[in-house]
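# Close look at the chain arrangement
Given next are the chains, with one letter for each unit.
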Amino acid sequence: MSYTTIERGGLNTPDYRIYFKNEDGPISPFHDIPLYVDETNKVFNMVVEIPRWTNAKMEINRVEPLNPIKQDVKKDRLRFVANCFPHHGYIWNYGALPQTWENPEVLDEATGCKGDNDPIDVLEIGYRVAKRGEVLKVKVLGTVALIDEGETDWKIIVIDVNDPLADQLNDISDIEKHFPGLLKATIEWFKIYKIPDEVHQHWQYLVKKDSPTTGISCMNVTVDGSPYKVPVPTAEEVIEKAPEKTESQSVEPIVDKWHYVHLK
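Residues numbered from 1 in each chain as written. Predicted model: local features only at pLDDT ≥ 70, side-chain atom pairs only at ≥ 80, totals over all residues. Heavy atoms only, no water.

Going by an unreviewed UniProt entry, the chain carries the name inorganic diphosphatase and comes from Odynerus spinipes. As stated in UniProt under Sequence similarities (unreviewed entry), the record for the chain gives "Belongs to the PPase family." (UniProt positions renumbered as here; feature names shortened; annotations may be inferred.)

Written out as structure tokens, the structure is:
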């Protein structure tokens, strides 16, 4: 079975959608694309939502008719993952297994947490940067179970069966052999990728007095909705009341000494 896509709306806008078709007409990538390409040999279909090295957080929309791929929106803003050094965007082709669903009402035996209400996520590690909406034939190499905001979020690590190294990778141990450092980078990525957004959110709570300030001055001149916002003249008064600049005082030369610390 072959699949084609139809784009609607503009990329990087809330209206952007990718719809799917097969030879007979429109289909849902969630429900109408089979899970298996070859069940005997455990070859699966994977729907690519996010190509490697890109930042837009795209996903199969589970609530709209025909479940098109769309960009996730949070607080009326399109979502992009931050570039967290040394990673640029997503470090694999990221997508989902069709005809799967992590039930939010069922406790996962491995994690003790309920599902996240989405199809199971897939990380494709082959050499080629896939296209958004592409349907790949993949084989499973291993899994990583994450707990995200109290929900089970499995990540299935796979490789495109057409990748030149596909025949040499058959389980999780083969990944380190042929892609040294990738598993470590994968775990690191999931630990840090939300940090820029989360700490920004914490700051918003702080500056809008939704969190205790714990002695932090939140005076500002630009943040709309902040009870600490003051007019520019008030801010200028703070500087005017500060001591005038004077001559610098000398310090002991020992301050500039280098220290060599040996870690055991």
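Taken together, the side chains of M219, V238 and I239 define a hydrophobic patch exposed on the protein surface, amounting to about 310 Å² of accessible area. Positionally, M219 belongs in the loop between helix 3 (195-207) and helix 4 (232-241). Residue M219 is classed as partly exposed on the basis of its relative accessible area of 45%. (Patch = residues over 30% accessible without salt bridge, like charges linked within 9 Å, V, L, I, M, F, W, Y side chains within 5 Å. Areas by Shrake-Rupley, 256 points an atom, 1.4 Å probe, with all protein chains shown as cover. Salt bridge = Lys/Arg side-chain N within 4 Å of Asp/Glu carboxyl O. Helix = DSSP H or I, 4+ residues; strand = E, 2+ residues; numbered from the N terminus. Buried < 20%, exposed > 50% of the residue type's maximum accessible area, 1.4 Å probe, protein only.)

Two residues of an α-helix separated by three or four positions point the same way, owing to the 3.6 residues in each turn. Those residues of helix 2 (residues 182-192) not exposed but buried are L182, A185, T186, W189 and F190. Relative to the axis of helix 2, the buried residues are bounded by an arc of 130° and lie together on one face. Helix 2 presents K184 and K191 as exposed residues on the side facing more than 90 degrees away from its buried surface. For helix 2, the secondary structure elements touched by its buried residues are strand 10 (93-96), strand 11 (121-124), strand 12 (135-148), strand 13 (151-160) and helix 1 (172-178). (Arc of directions from axis to C-beta. Contact = heavy atoms within 4.5 Å.)

Bringing the packing of aromatic side chains into the picture now. What characterises a pair of aromatic rings is the spacing of the ring centres plus the angle enclosed by the ring planes. Counting across every chain of the model gives 9 aromatic pairs. Between W189 and F190, the ring centres sit 5.1 Å apart and the planes meet at 85°, which makes this aromatic pair edge-to-face. With respect to burial, W189 and F190 carry one shared label: buried. Arranged with centres 6.0 Å apart and planes meeting at 90°, the rings of F190 and Y193 form a pair that is edge-to-face. Pair check on accessibility: F190 and Y193 agree, each one buried. Here the aromatic cluster, defined as three or more aromatic residues joined through ring pairs, consists of Y90, W92, Y94, W189, F190 and Y193. Sitting over the face of the ring of W53, R52 holds its NZ or CZ atom 5.7 Å from the ring centroid. (Phe/Tyr/Trp six-rings, centres within 6.5 Å; stacked < 30°, edge-to-face > 60°. Lys NZ or Arg CZ within 6 Å of the ring centre and 35° of its normal.)

Ranked by internal contacts, the top residues of the largest apolar core, which has 35 residues, are F20, W92, I125, I175 and W189. The biggest single contributor to this core is helix 2, with 4 residues. Sequence-distant contacts of I125, that is, excluding residues within four places in its chain, are made with R52, W92, L141, I157, V158, I159, L169, I175, F179 and L182. Counting 13 residues, the second largest nonpolar core, distinct from the first, contains F44, L97, V138 and W154. (Core = buried A, V, L, I, M, F, W, Y, C linked by side-chain atoms within 4.5 Å.)

This part is about unusual backbone geometry. A cis amide bond, omega 5°, links F85 with the succeeding residue P86. Summarising the element assignment, P86 is placed in the loop between strand 9 (77-78) and strand 10. In this structure, K42 takes a positive phi of about 55° despite not being glycine. Its location among the elements puts K42 in the loop between strand 4 (36-38) and strand 5 (43-50). The phi dihedral of N67 falls on the positive side, at around 50°, and the residue is not glycine. With respect to the helices and strands, N67 occurs in the loop between strand 6 (58-60) and strand 7 (69-71).

The next thing to look at is the layout of surface pockets. Its volume calculated, the largest pocket comes out at about 1300 Å³. Counting only elements with at least two residues in the lining of the largest pocket, the list comes to strand 5, strand 6, strand 9, strand 10, strand 13, helix 2 and helix 3. When residues of the lining of the largest pocket are assigned to their parent elements, the largest contribution, 5 residues, is made by helix 3. Taken together, the residues of the lining of the largest pocket break down into 14 nonpolar, 5 polar and 21 charged. (1 Å grid on protein atoms, 1.4 Å probe; cavity = no way out; pocket = protein on both sides within 12 Å on 5 of 7 lines; lining within 4 Å. Points joined across faces, edges and corners; volume = space filled by probe spheres on them. Nonpolar A, V, L, I, M, F, W, Y, C, P; charged D, E, K, R; others polar.)

Attention shifts here to the pairing of strand 13. With 9 of 10 residues buried, strand 13 is to be regarded as a mostly interior element. Bridging between strand 11 and strand 13 involves 4 bridges; their strand directions are parallel. Bridging across to strand 13, L123 finds its partner in I157. The pairing of strand 12 with strand 13 spans 10 bridges and is classified as antiparallel. Across the sheet, residue G142 finds its bridge partner in strand 13, namely I157. (Pairing = 2+ DSSP bridges.)

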